[in-house]
Amino acid sequence: MMKYKLLLATTLALSACTSYQVPESPTFAAGSRWAVMPMINNSNTPLAAEKAEQILNAQLYAKGINAVMYPASETNDLASILDNSARRKNAQAWLASQNVDYVITGSIEEWHYKSGLDGEPAVGITLEVQSAKSKNTYWRATGTRGGWGRESVSGTGHIVIETLLDGLNVGQK
């Protein structure tokens, strides 16, 4: 009986650190063309969106989606890093010249280490798939996770993105 109580307490403690809303997506054709577009950084961590975009692109590839990334912008000063509008505007202009079916984008709500002795990582991400032509949204998912003291923010972000992408259905080739 004591083992079951301990297992229940452990399960509740671990589940309190995560929250996901991941609906099943429609099935996207295996041969469709995808682009990763800039994510909005709502966190207090500079360049968090760019870090998450790189992880997202790698995770899409692992799912069989060979997405193209928007071209990187030159950021020479702090104002350019903190202002996403020029980066998003340049990416939209680039997208107009691309032959892609879907774009995946989203936002970063959290990307930091909590304060305190352990300094656990905390990550919150929303992903969205839209039609490149009509801009209709086909799928949206969100998740947050607090990691353990020895985990990295990027590692925690990797787990969140992977869990979110589990709801993305891609047809067989």
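Please refer to the structure placed before this passage.
Residues numbered from 1 in each chain as written. Predicted model: local features only at pLDDT ≥ 70, side-chain atom pairs only at ≥ 80, totals over all residues. Heavy atoms only, no water.

1. Describing the pairing of strand β6 (residues 102–113)
Phase 1 of the analysis: In this sheet, β6 lies alongside strand β3 (residues 34–36) in parallel orientation, the contact comprising 3 bridges. Across the sheet, the residue bridging to A35 is V103, located in β6.
Phase 2 of the analysis: Pairing between strand β4 (residues 40–41) and β6: 2 bridges, direction parallel. In the strand pairing of β6, N41 is matched with I108.
Phase 3 of the analysis: When β6 meets strand β7 (residues 121–131), the two strands line up antiparallel, connected through 11 bridges. Within β7, the residue paired with I104 across the bridge is V129. (Pairing = 2+ DSSP bridges. Helix = DSSP H or I, 4+ residues; strand = E, 2+ residues; numbered from the N terminus.)

2. Considerations on unusual backbone geometry
What is expected of a backbone is that most residues other than glycine have negative phi and most peptide bonds are trans.
Phase 1 of the analysis: Of note in the backbone geometry, L47 takes a positive phi value of approximately 65° without being a glycine.
Phase 2 of the analysis: Checked against the element boundaries, L47 lands in the loop between β4 and α2 (48–62).
Phase 3 of the analysis: Phi at K135 takes a positive value of approximately 70°, unusual for a residue other than glycine.
Phase 4 of the analysis: Here K135 lies in the loop between β7 and β8 (137–146).

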